[in-house]
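# Report on the structure
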Amino acid sequence: QSSTEYLSQSQVSSLSDYQLGIARNEIYARHGRKFDNAEIREYFESQSWYNGTIDADDFDESVLNKYEKANIKKIADSQ
């Protein structure tokens, strides 16, 4: 729901560093971003819904909505 709601601090603080990384990158993955990091790339390539079509260097964050941008920042601030 990170694309339609703001994450609460309690939701974020209950996650491990690994889970925070996945949560943050899932927002990008839903928009088709590819990942250079092998572990992250393998994780998302194993998800049936993932379709990576945009190279990391070509990804434009303007496709993110206000919830996604705020949630990425909240997650990053918690790591």
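Scroll up to find the structure this text is about.
Scope of this entry: the structure provided in the associated data block. None of the values given here were measured: they were computed from a predicted structure.

## Considering the environment of Tyr 50
Mapped onto the elements of the fold, Tyr 50 is located in the loop between α3 (38-45) and α4 (66-78). Excluding anything up to four places from it in sequence, Tyr 50 contacts Ala 29, Arg 33, Lys 34, Phe 35, Phe 44 and Glu 45. Within the local environment of Tyr 50, its side chain forms a polar contact with the backbone oxygen of Arg 33, the two atoms lying 2.6 Å apart.

## A word on α4
Across its 13 residues, α4 extends 18 Å between first and last C-alpha, which sits within 8% of the 18 Å expected from 1.5 Å per residue. Of all the positions in α4, only Glu 68, Asn 71, Ile 72 and Ile 75 are classed as buried. Angular distribution of buried residues about the axis of α4 spans 105°; they occupy a single face of the element. Turned more than 90 degrees away from the buried face of α4 sit Lys 66, Lys 73 and Asp 77, all of them exposed. Against α1 (9-13) and α2 (17-29) lie the buried residues of α4. Between the side-chain oxygen at the start of α4 and the backbone nitrogen of Tyr 67 there is a gap of 2.9 Å, and the oxygen is on Asn 65.

The rules behind each value
- Residues numbered from 1 in each chain as written.
- Predicted model: local features only at pLDDT ≥ 70, side-chain atom pairs only at ≥ 80, totals over all residues.
- Heavy atoms only, no water.
- Helix = DSSP H or I, 4+ residues; strand = E, 2+ residues; numbered from the N terminus.
- Contact = heavy atoms within 4.5 Å.
- Polar contact = N/O pair within 3.5 Å; in protein donor to acceptor, adjacent residues only side chain to side chain.
- Expected span 1.5 Å × (residues − 1).
- Buried < 20%, exposed > 50% of the residue type's maximum accessible area, 1.4 Å probe, protein only.
- Arc of directions from axis to C-beta.

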